Amino acid sequence: MLSYILKRLGQSLITVAIVIITVFLLLRLMPKSGYFTREDYVNMDESARTAYLRSLGVMDDPVTQFVRFAGGVARGNWGRSISVYPKSPVMTIIKEKAPYSLWFGLAALVLSMGLGLTMGVLMARHKDGVFDTFGTIYVTIVRAIPSLIWLFLIQQWVTGLLGWPMVFYEDRPVSWILPTISLALTGIAWYAIWLRRFMVDEENKDYVKFATAKGIPRTRIMRKHVLRNALVPLIQYFPQQVLLTIAGSLLIESIYSIPGMGGLLVNAIRQQDNPLVQALVLLYAVLGIVGVFLGDLLMAAVDPRIKLAGAQGGQE
Amino acid sequence: MKRRYLIVALGLALCALAAVGAQDRYNATYTAEGSSLRYFYTPDTTDQRIAANTQDGLVEQDRFGRFVPSLAERWEASPDSKVWTFYLRKGVPWVDSKGQKTKYEITADDFVEGFRYVADPKNGIKNLSRDIRRMIVGLNDYYLDLVDFDAGKIKDKTRDQLLGNFTKVGVKALDTYTIQYTLARPTPYFLSFLVMELFLPVEKEFLDSVGENFGISKENLLFSGAYYISDWQRDKQIVLKANPLYWDAKSVTVKTVSLQKIVDPTITLQMFQRGELSSATLTAEQVKALAGTKWADNVFMAEPSTVTYWFVQNFTSANPEFKAFVNNLNFRKALYYGLDRAKLNELDDPYQPAATLRNTVVPEQAAFDEKGKDYADYPEVKAIRDAGNYYDKAKAQDYFRKALAEVTDGKGTIKGVQPATVDWKPIAELKIDGKLPLQMVYVYLPGATETKRAFLFKAMLEDLFGKENIQVTLAQVIDDIFAEAVEPRRFDMLHDNFRFGFADPSAQLGRLVTKGAVNDGEFSDPEFDKLVDEASQKTVLSERFKIFSKAEALFIDRCYVYPWRMGGASYMLSKVVPFTYPRGGFGITRFKYKGMIVQKDPLTSKQYEELKKAFYEEMNKATAK
C-alpha cells in the first residue's frame with residue numbers, strides 16, 4: 001500500500017508540474033496588446049506602454065518569471081494579481097472568495113446526495129412504478145432544458161411568491177436557500193439516475209438471484225448487497241466533488257450575486273492575469289489529483305475486492 | 001448673485017424634501033467589479049464612483065457643471081494661465097475606514113505626494129497620458145528618466161536619485177496650505193484636469209506605512225471625501241457612510257450609499273420594482289416590456305454623456321477600390337447625406353431615435369468660454385448641431401453620381417485600380433477587380449445591436465446607391481476592434497466611440513489632426529491642422545473657441561468622420577431627484593453623490609420633464625455672466 005501511495009504521489013507531482021509549466025508557457029504566448037484597452041492606446045505612447053508592462057513583471061524572460069513564481073510558491077508567496085484586482089495578493093483573493101463557493105458547494109452536495117441517493121433507491125426499488133416515472137421526468141427536465149432557463153424562473157417566481165430577497169445576502173439566511181437548491185438540482189438528478197442504473201444492474205446479477213432464492217428478504221438484499229455494490233462506482237468521485245466545490249459555479253454565483261470563485265479563472269484568463277491564473281490552475285490541479293487519489297482509496301476501503309497495490313488497481 | 005441662487009436652490013431642495021419624503025439611503029447596483037480601491041487607478045465607472053465619493057480634489061463640479069472650490073477654498077492663475085496656485089482649507093482631517101479622525105491633516109504635501117505616486121511608472125497608473133506629462137513642467141523628463149532606469153538604460157544613477165528629481169516637476173507645496181502647478185504652455189482650462197483622479201491627494205506617512213498594500217482593502221486607505229468606505233466585499237458590495245468630519249458635511253444629504261454587484265439587468269429591474277433599489281438603468285427591450293404596465297409612466301430618459309459615436313473611414317485602406325473612393329469628397333458627402341442616423345439609432349432607442357443624435361465631435365455642455373457660453377453654441381458648430389438628422393436621399397444620390405464621374409471612367413472601371421486580393425484575414429478577404437460595384441468592408445463588434453446595425457448599414461447604402469455601384473462586406477471582430485482592426489489596418493469603415501477628456505475643444509479636435517491619437521482613418525488636412533494649431537495658441541477662451549469652431553465646421557464639412565450619436569441617455573427608473581447632484585462631461589467629480597436627494601416614490605416621466613425644464617432655466621441664469 002505504501003509503495004502504491006508513493007508511486008501515485010510521484011505521478012501526481014509530475015502531472016502537476018506538466019500542467020503548470022504548460023499553462024505558464026501558454027500564458028506567455030498571449031499578445032501583450034491584451035493588457036491595453038482602446039482608451040489606453042489613445043492615452044499611452046510606446047514608452048508608457050512598455051513601462052506599464054514592466055510594472056506588471058511581464059517583460060522579463062519566461063525563465064526568470066518562472067523562477068520567481070516557483071520560488072514565491074515555495075516560500076508561500078503566490079504573488080499579486082496584475083490585472084483583475086491589481087496589486088491584491090492572490091492568496092488574499094482566494095481566501096476571500098473560496099469560503100462562499102465551498103460552503104454553498106458542500107451544502108448543495110449534501111442535499112444532492114441526500115435527495116439524489118434516496119430518489120435513486122426509490123426509482124430502482126420501484127422500477128417502472130410511480131417513483132421511477134416521476135424521477136425520470138425530473139431527471140429528463142433538469143438535463144434537457146438549459147439550466148439558465150429554470151434557474152432564472154426559480155429565482156423570479158420563488159422570491160416573488162415568498163417575498164425572499166432576489167440575491168444572496170450574508171446576513172439573511174433565507175437568501176441562502178435558493179442558491180443551494182439551485183446548485184443541488186443537477187446533482188440530485190446525477191446521483192438519482194446513476195444510482196438507479198447501478199442498482200438495477202446489480203439486481204440482475206446472479207448473486208442477487210441466488211440470495212433471493214435463498215429466501216433473504218428483498219429489503220435486506222437491497223440494503224446489504226445491491227445498494228452497497230451500486231455505491232462503489234459513485235463513491236469514487238465523492239472526494240473530487242467535495243474538493244472541487246471550491247471552484248464555485250459561474251452561473252449560479254452570477255445570478256445570485258455570490259462573491260465566490262465561479263468565473264474567477266475565466267476572468268483571470270481573459271484579462272491575462274498571469275499570477276492569478278497560475279495560482280488557480282495549480283490549486284485546481286492539485287485538488288483534482290488529490291480528489292482522484294482519495295477516490296481510489298475510498299473505493300478500496302468500501303469494496304474489499306479492489307486491491308490498489310495490484311497491477312489492475314486504481315483509477316488511472 | 002451666487003448667494004441668491006444658492007438660497008433658491010436650497011429652498012427648492014427643502015420643498016422637494018418635505019413634499020416627497022427624502023430618504024437618507026441610496027441603493028444602486030454595478031455590473032463590473034472595480035479593479036481595486038487604489039483611487040489613482042480607475043479604469044471603470046465603479047472605481048470612479050468610489051474614488052469621487054471618498055476622496056476630494058482641489059476643485060469639483062457643482063450641479064450646473066461649474067468648477068467650484070473643494071479642498072482648495074480659492075485659487076488664482078497667472079495672466080498667461082501657466083502658473084496655478086491653490087489655497088487649501090485648513091484643519092480638514094483624513095479619516096479612516098471607521099469614519100474616525102486620524103492624526104493626519106490634509107495639506108499641500110499630500111497633493112504633491114499624490115502626483116509623485118502617479119508619476120512613478122512602477123505604480124502602473126495608465127491614465128497619466130502623454131498630454132498630461134507634457135502639460136506639467138518637468139514631468140515628462142522625470143517620468144521618462146524613471147522608465148529608462150527601469151529598462152536598464154540609465155546606469156550611472158540610482159532610482160532614489162531620479163526620484164529626487166521630482167523637485168524639478170511643476171507640482172510644489174509653497175507652504176502647508178498652498179500648492180502650485182507650473183505648466184509648460186498656457187492652459188486656461190486647467191481646472192478641468194483637476195477633477196480627474198490623477199490630481200487627488202495621498203498622505204505620505206500613511207502611504208509609506210502600507211506600501212504595496214495601498215488600496216487593496218478599505219483598511220489600507222485614508223479618506224478625504226464626503227464618504228468613507230465602511231464595508232467592501234470584493235465582487236459583492238460597497239457601502240459608503242457619510243464622513244462626519246467632512247468639510248462640507250451639510251451638503252451630504254444621503255448618509256448611506258449601498259452599491260451591490262448585480263450583473264443581470266433583469267434582476268436589477270425586478271429589485272427596483274420590489275423597492276430594493278433606488279434606481280435601475282433599462283435596456284431597450286425592458287422599456288418595450290414595461291409599455292402598458294403600471295411602470296410605463298415612470299420610465300424617463302436620463303441625460304446624455306459626452307461620449308460621441310462616429311463612423312471612421314480608412315483613408316489609407318489596403319483596399320484600392322475604397323481608397324480611391326474615400327479620398328473623393330463627393331463620395332464622402334454622399335455617405336454624409338446618405339446615412340439615415342435616426343434609422344440607425346432606432347436600434348438603441350426605438351421611441352425617440354432623433355433625440356440623441358449628435359452631429360459634432362465636440363459635445364455640448366462640456367466646454368464653456370469665459371462668459372459662460374457653451375462652445376456648442378458658437379455659430380459655426382451650432383448650425384451643424386441644429387441640422388438634426390440631415391439625411392437627404394436626393395442630395396446623397398447627386399453627390400454619389402458626381403463621385404462616380406470623378407472616380408470611374410464612366411464605363412464602370414475605377415481609375416488607377418488594378419485587380420488584386422485584399423488579405424485581411426481573419427476578418428475578411430476580398431477579390432477586387434477594379435470595376436464597379438465598389439467593394440468596401442464594414443467592421444463591427446459582436447453583439448446583437450452592433451450586428452443589426454451592420455446589416456442596416458449595408459442595406460442602407462446598397463439600396464440608396466444601388467448594388468451595381470456599391471457592395472458592403474460585413475466583417476466581425478472577436479473582441480477588440482482596435483487590436484483586431486484599427487491597429488493592423490484591416491477596415492474600410494467601422495463604428496467607434498470616444499469620450500471627451502477635458503473642458504476644451506482640443507480634447508477631441510486636437511487628437512484628430514494628422515497622426516493624432518484618435519485619427520484612426522489616417523486622414524490629413526493641413527488646413528484643419530493649421531486652424532487647430534492656431535486655436536491652441538490662444539489663451540482667451542472665446543478667441544480659442546471661435547477658431548476651434550471654424551476648424552470643426554471644416555472638419556465636418558469635409559466628412560473625415562461621421563459623428564452621429566451621443567452616449568449615455570439611457571432609459572431609467574429612479575427615485576433620485578434629478579439635477580440635485582454634481583454634473584459634468586469628464587473627470588470623476590461628476591459621480592459625486594453629494595447633494596443627491598432620493599425620494600420615497602419612483603419619479604414619473606412627467607415629474608422628470610418638469611424638473612428638467614426648471615433646471616435648465618435655472619442653469620442658464622446661473623451660468624450666464
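Bear in mind the structure is a predicted one, so any value in this text is a computation, not a measurement. (Residues numbered from 1 in each chain as written. Chains lettered and ligands numbered in written order. Predicted model: local features only at pLDDT ≥ 70, side-chain atom pairs only at ≥ 80, totals over all residues.)

1. Quick notes on the overall build of chain A
Scanning chain A from N- to C-terminus turns up 14 helices and zero strands. Counting helices and strands in the order they occur from the N terminus, chain A gives α-α-α-α-α-α-α-α-α-α-α-α-α-α. When its C-alpha atoms are laid out on the principal axes, chain A stretches across 85 × 60 × 30 Å. Put simply, 70% of the contacts in chain A that link residues at least 6 apart link residues at least 24 apart. (Helix = DSSP H or I, 4+ residues; strand = E, 2+ residues; numbered from the N terminus. Contact = placed C-beta atoms within 7 Å.)

2. Some remarks on the overall build of chain B
In terms of regular secondary structure, chain B is built from 20 helices and 24 strands. Over its C-alpha atoms chain B spans a radius of gyration of 26 Å, differing by no more than 12% from the 25 Å that the globule rule assigns to 625 residues. Taken over the C-alpha atoms alone, chain B extends approximately 85 × 70 × 45 Å along its principal axes. Burial status across chain B gives 47% buried among its 625 residues. Taking contacts inside chain B between residues at least 6 apart in sequence as the whole, the part at least 24 apart equals 69%. (Rg over C-alpha atoms; globule rule 2.2 N^0.38 Å. Buried ≥ 20, exposed ≤ 12 C-beta atoms within 10 Å, placed from the backbone.)

3. With respect to the nonpolar core
By size, the foremost hydrophobic cluster in this structure holds 222 residues, and its most contacted members are A:Ala192, B:Val441, B:Tyr442, B:Val443, B:Leu494, B:Ala551 and B:Tyr562. When residues in this core are grouped by element, the largest group, 13 residues, is from helix α8 (residues 174-203) of chain A. A domain-level breakdown of this core finds at least three residues from each of domain 1 (2-258) and domain 2 (305-568) of chain B. If near-sequence neighbours (up to four positions away) are discounted, A:Ala192 is found in contact with A:Gly116, A:Met119, A:Gly120, A:Met123, A:Gly135 and A:Val139. Ranked by size, the runner-up nonpolar core spans 19 residues in total, among them A:Ala247, A:Met261, A:Ala268 and A:Leu280. (Core = buried A, V, L, I, M, F, W, Y, C linked by C-beta atoms within 7 Å. Domains from an automatic or database assignment.)

4. Brief notes about unusual backbone geometry
Residues and elements named next belong to chain B. Of note, the bond from Lys-425 into Pro-426 is cis; its omega dihedral lies within 30 degrees of zero at 5°. Note that the residue after Leu-436, namely Pro-437, is joined by a cis bond; omega there is 5°. Take Pro-437: it is sitting in the loop between β17 (428-432) and β18 (438-444). A positive phi angle, near 60°, is found at Ser-81, a position not held by glycine. Structurally, Ser-81 can be placed in the loop between β4 (72-77) and β5 (83-88).

5. A word on the pairing of β4(B)
On any regular strand, side chains alternate: one points to one face of the sheet, the next to the other face. All names here are of chain B. Where β4 lies against β5, five bridges are found, and the strand directions are antiparallel. Within β5, the residue paired with Trp-75 across the bridge is Phe-86. Here β4 folds back onto β5 in antiparallel fashion, the turn holding five residues, of which Ser-81 has a positive phi close to 60°. (Pairing = 2+ DSSP bridges.)

6. Re the packing of helix α9 (residues 206-213) of chain A against helix α10 (residues 218-235) of chain A
The relative placement of two packed helices is expressed as an angle between their axes plus a distance between the axes. Residues and elements named next belong to chain A. One way to put it is that α9 packs onto α10 with a least axis distance of 11 Å and a crossing angle of 155°. The angle between α9 and α10 falls in the class roughly antiparallel. Of the two possible hands of crossing, α9 and α10 adopt the one that is right-handed. Judged by residue contacts, Val-208, Ala-211 and Thr-212 of α9 engage Ile-221, His-225 and Val-226 from α10. Across the contact of α9 with α10, the residue classes tally to four nonpolar, two polar and no charged. (Axes fitted to C-alpha atoms, helices over the stretch in contact; angles between N-to-C directions. Parallel < 35°, antiparallel > 145°, perpendicular 65-115°, else oblique. Left-handed = near helix turned anticlockwise from the far one by under 90°. Nonpolar A, V, L, I, M, F, W, Y, C, P; charged D, E, K, R; others polar.)

7. Details of helix α5 (residues 139-150) of chain B
Here α5(B) is 12 residues long and its end C-alpha atoms lie 17 Å apart, about the 16 Å a rise of 1.5 Å per residue gives. Along its buried surface, α5(B) packs onto α3 (46-56) of chain A together with α3 (108-119), α4 (130-135) and α6 (159-164) of chain B. Where α5(B) ends, the next residue or the one after it, B:Gly152, has phi of about 80°, a positive value. (Expected span 1.5 Å × (residues − 1).)

8. As for the interface of chain A and chain B
Counting residues at the interface gives 28 residues for chain A, matched by 35 residues for chain B. Among the elements of the structure, α2 (38-43), α3, α5 (90-125) and α12 (250-255) of chain A are those that each provide at least two residues to the side of chain A that touches chain B. When residues in the side of chain A that touches chain B are grouped by element, the largest group, seven residues, is from α3(A). Per-class residue counts for the side of chain A that touches chain B are 13 nonpolar, eight polar and seven charged.

9. Observations regarding the sheet that holds strand β13 (residues 279-282) of chain B
Hydrogen bonds along the backbone pair up the strands of a sheet, which may run parallel or antiparallel. Residues and elements named next belong to chain B. One open sheet accounts for three strands, arranged β13-β22-β14; its pairing is antiparallel. Only two strands of the sheet have a single neighbouring strand rather than two, namely β13 and β14 (300-301). By the bridge criterion, two bridges tie β14 to strand β22 (residues 571-574) in an arrangement that is antiparallel. Counted as the bridge partner of Met-301 is Tyr-571 from β22.

10. Points about the sheet that holds β4(B)
All names here are of chain B. Read across the open sheet, the four strands follow the order β4-β5-β9-β8; overall the sheet is antiparallel. Since the sheet does not close on itself, it has two edges, and those belong to β4 and β8 (171-175), each with one partner. This sheet shows a mean twist of 25° between the axes of neighbouring strands, independent of strand direction. Pairing of β8 with strand β9 (residues 178-182) involves four bridges; the strand directions are antiparallel.

11. Quick notes on the confidence of the model for chain B
When pLDDT drops low, the exact placement of atoms in the prediction is not to be read closely. In this model, chain B carries an average pLDDT of 92, and 96% of its residues clear a pLDDT of 70 or more. Among the scores for the predicted complex, ipTM is 0.87 and pTM is 0.89. (pLDDT = per-residue confidence, 0-100.)

12. Things to note about helix α1 (residues 2-29) of chain A
Across its 28 residues, α1(A) extends 41 Å between first and last C-alpha, which sits within 8% of the 40 Å expected from 1.5 Å per residue. Summarising burial for α1(A): two of the 28 residues are buried, a small minority.

13. Points about the domain arrangement of chain B
A common way to report how large an interface is uses the accessible area buried once the components associate. All names here are of chain B. If you check the domain split of chain B, you get domain 1 (2-258) and domain 2 (305-568). A separation of 36 Å is found between the C-alpha centroids of domain 1 and domain 2. Counting residues at the interface gives eight residues for domain 1 and six residues for domain 2. The residue makeup of the side of domain 1 that touches domain 2, split by class, is four nonpolar, three polar and one charged.

14. Concerning the environment of A:Val167
With respect to the helices and strands, A:Val167 occurs in the loop between α7 (147-162) and α8. The spacing of A:Val167 and A:Ser257 is 90 residues in sequence and 5.8 Å in space, taken between C-alpha atoms. In contact with A:Val167, not counting residues within four places along its chain, are A:Ser175, A:Tyr256, A:Ser257, B:Ile262 and B:Ile267.

15. Concerning the environment of B:Asn314
Residue and element names in this part refer to chain B. Here Asn-314 is to be found in the loop between β15 (304-313) and α10 (320-326). Judged by the 25 C-beta atoms lying within 10 Å of it, Asn-314 is buried. Taking the C-alpha atoms as reference points, Asn-314 and Ala-324, 10 residues apart in sequence, are found 11 Å from one another.

16. Here's the deal with the pairing of β5(B)
Residues and elements named next belong to chain B. The side-chain alternation of β5 yields one buried face, formed by Trp-84, Phe-86 and Leu-88, and one unburied face, formed by Val-83, Thr-85 and Tyr-87. Note: β5 against β9, five bridges, orientation antiparallel. Across the sheet, the residue bridging to Val-83 is Thr-182, located in β9.

17. Notes on the packing of helix α13 (residues 379-386) of chain B against helix α19 (residues 541-557) of chain B
Residues and elements named next belong to chain B. The geometry of α13 relative to α19 is characterised by a closest axis approach of 7 Å and an angle of 40° between their N-to-C directions. Looking at the two axes, α13 sits oblique to α19. Of the residues in α19, those touching α13 at Glu-380, Val-381 and Ile-384 are Ser-549, Lys-550, Glu-552, Ala-553 and Ile-556. Residues belonging to the contact of α13 with α19 are distributed by class as follows: four nonpolar, one polar and three charged.

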